[in-house]
Amino acid sequence: MFHKNIKLVITALIIGLAVWQFTEGYVGNGIALILFSLIFVFLYFRNEFILLAFFKLRKQDMVGTQKWLSYIKKPEAALTTKQQGYFNYLHGIIHSQTNLTKAEKFFKRALKLGLSMDHDIAMAKLSLAGISMQKRRKREATTLLQEAKKLDKRGMLKEQIKMMQQQMKRI
């Protein structure tokens, strides 16, 4: 929607307007404006299109996810570094269904840019391990699988890791 720095400028303008409202004696308006400015601060750290893409991904709607991600034209300008990581992570998930080479590129870029949560990093590494297995790179797949296992502290990917290890024995 907006460039990431424009969101901060809008926040500063709204807070300036809130301070003016406080000096004029309209305390309620000032408080409401400060609360309104928090929306733009939130959207600076959590991009609205990435949030909507994650909601579509939860419903297994890959076309909808791709649609919301397509609204971000220049990710370097519109997103912070972590958001760019999640942008590439989502693209990797989408392309893992159809094109493994593109998916591998997106997952590697997502890991390079950084993801916030350990289970997201584990999922990216697990996906990269699966792609490496498909391409007959057993050593790389084993390394990525072990890293994913270490990062999966809650055991959310335990079944997928076991399945992948069983498939690894066949190679």
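Heads up: these notes are all about the structure in this document. (Residues numbered from 1 in each chain as written. Predicted model: local features only at pLDDT ≥ 70, side-chain atom pairs only at ≥ 80, totals over all residues. Heavy atoms only, no water.)

## A short note on helix α3 (residues 48-58)
Taken as a whole, α3 has its buried residues at Glu48, Phe49, Ile50, Ala53 and Leu57. Along its buried surface, α3 packs onto α1 (4-23), α2 (27-45), α4 (62-70) and α6 (81-95). The N-terminus of α3 is capped by asparagine 47, whose side-chain oxygen sits 2.9 Å from the backbone nitrogen of phenylalanine 49. Remark: glutamine 60 follows α3 within two positions and exhibits a positive phi of approximately 60 degrees. (Buried < 20%, exposed > 50% of the residue type's maximum accessible area, 1.4 Å probe, protein only. Helix = DSSP H or I, 4+ residues; strand = E, 2+ residues; numbered from the N terminus. Contact = heavy atoms within 4.5 Å. Polar contact = N/O pair within 3.5 Å; in protein donor to acceptor, adjacent residues only side chain to side chain.)

## Details of the nonpolar core
Judged by nonpolar contacts, the single largest core of 35 residues is most densely connected at Ile50, Tyr89, Phe107, Leu115, Leu126 and Leu145. Elements that contribute at least two residues to this core include exactly α3, α6, α7 (100-113), α8 (118-134), α9 (138-151) and α10 (158-170). Examining the composition of this core, we find that 8 residues originate from one element, α8, more than from any other. Those residues in contact with leucine 126 that lie beyond four places of it in its chain are Leu145, Ala148, Leu157, Gln160, Ile161 and Met164. (Core = buried A, V, L, I, M, F, W, Y, C linked by side-chain atoms within 4.5 Å.)

## Things to note about the environment of valine 27
The residue valine 27 is located in helix α2 in this model. Through-space distance from the C-alpha of valine 27 to that of methionine 62 is 46 Å; in sequence the pair is 35 residues apart. Every residue in contact with valine 27, bar those within four places of it in the chain, is listed here: Gln21 and Phe22.

## Considerations on the packing of α1 against α2
Contact pair α1 / α2: the axes reach a minimum separation of 8 Å and the direction vectors enclose 170 degrees. Between α1 and α2, the angle is such that the two are roughly antiparallel. In this structure, α1 contributes Lys4, Lys7, Leu8, Ile10, Thr11, Ile14, Ile15, Leu17, Ala18, Gln21 and Phe22 to the contact, and α2 contributes Val27, Asn29, Gly30, Ile31, Leu33, Ile34, Phe36, Ser37, Phe40, Val41, Leu43 and Tyr44. Of the residues that constitute the contact of α1 with α2, the class distribution is 16 nonpolar, 5 polar and 2 charged. (Axes fitted to C-alpha atoms, helices over the stretch in contact; angles between N-to-C directions. Parallel < 35°, antiparallel > 145°, perpendicular 65-115°, else oblique. Nonpolar A, V, L, I, M, F, W, Y, C, P; charged D, E, K, R; others polar.)

## A few points about the pattern of salt bridges
In the structure shown here, the tally under the stated rule is 8 salt bridges. Put simply, lysine 125 and glutamate 147 hold a salt bridge, and the shortest N to O gap is 2.6 Å. Remark: glutamate 147 occurs in helix α9 and lysine 125 occurs in helix α8; sequence separation between them is 22 residues. We classify lysine 125 as buried; its relative accessible area is 16%. Assessed through its relative accessible area of 29%, glutamate 147 is described here as partly exposed. A salt bridge links glutamate 140 to arginine 137; the nearest nitrogen and oxygen atoms lie 3.3 Å apart. You can call glutamate 140 partly exposed: its relative accessible area is 27%. One continuous salt-bridge network, built from bridges that share partners, spans Glu104, Lys108, Lys135, Arg137 and Glu140. (Salt bridge = Lys/Arg side-chain N within 4 Å of Asp/Glu carboxyl O.)

## What to know about α1
For α1, built from 20 residues, the straight-helix expectation of 28 Å at 1.5 Å per residue is met to within 8% by its first-to-last C-alpha distance of 29 Å. Lining the buried residues of α1 we find α2, α3 and α5 (75-78). Glycine 25 occupies a position one or two residues after α1 and carries a positive phi of about 95 degrees. (Expected span 1.5 Å × (residues − 1).)

## Quick word on the side chain of lysine 125
Among the polar contacts listed, one links the side chain of lysine 125 to the side chain of glutamate 147, at a separation of 2.6 Å. In this structure lysine 125 touches Leu111, Leu144, Glu147, Ala148 and Leu151, once residues within four positions along its chain are discounted.

## Some points on the layout of surface pockets
It is the rolling of a water-molecule-sized probe over the atoms that shows where space remains empty. What the largest pocket holds in volume is close to 1,200 Å³. Leu57, Tyr89, Ile93, Met123 and Ser127 are the residues nearest the centre of the largest pocket, which is lined by 40 residues in total. Mapped by element, the contributors of at least two residues to the lining of the largest pocket are α3, α6, α7, α8 and α10. Among the elements that take part in the lining of the largest pocket, α8 stands out by supplying 9 residues, more than any other. Of the residues belonging to the lining of the largest pocket, the class tally is 21 nonpolar, 13 polar and 6 charged. (1 Å grid on protein atoms, 1.4 Å probe; cavity = no way out; pocket = protein on both sides within 12 Å on 5 of 7 lines; lining within 4 Å. Points joined across faces, edges and corners; volume = space filled by probe spheres on them.)

By themselves, these figures tell us nothing about what the structure is for.
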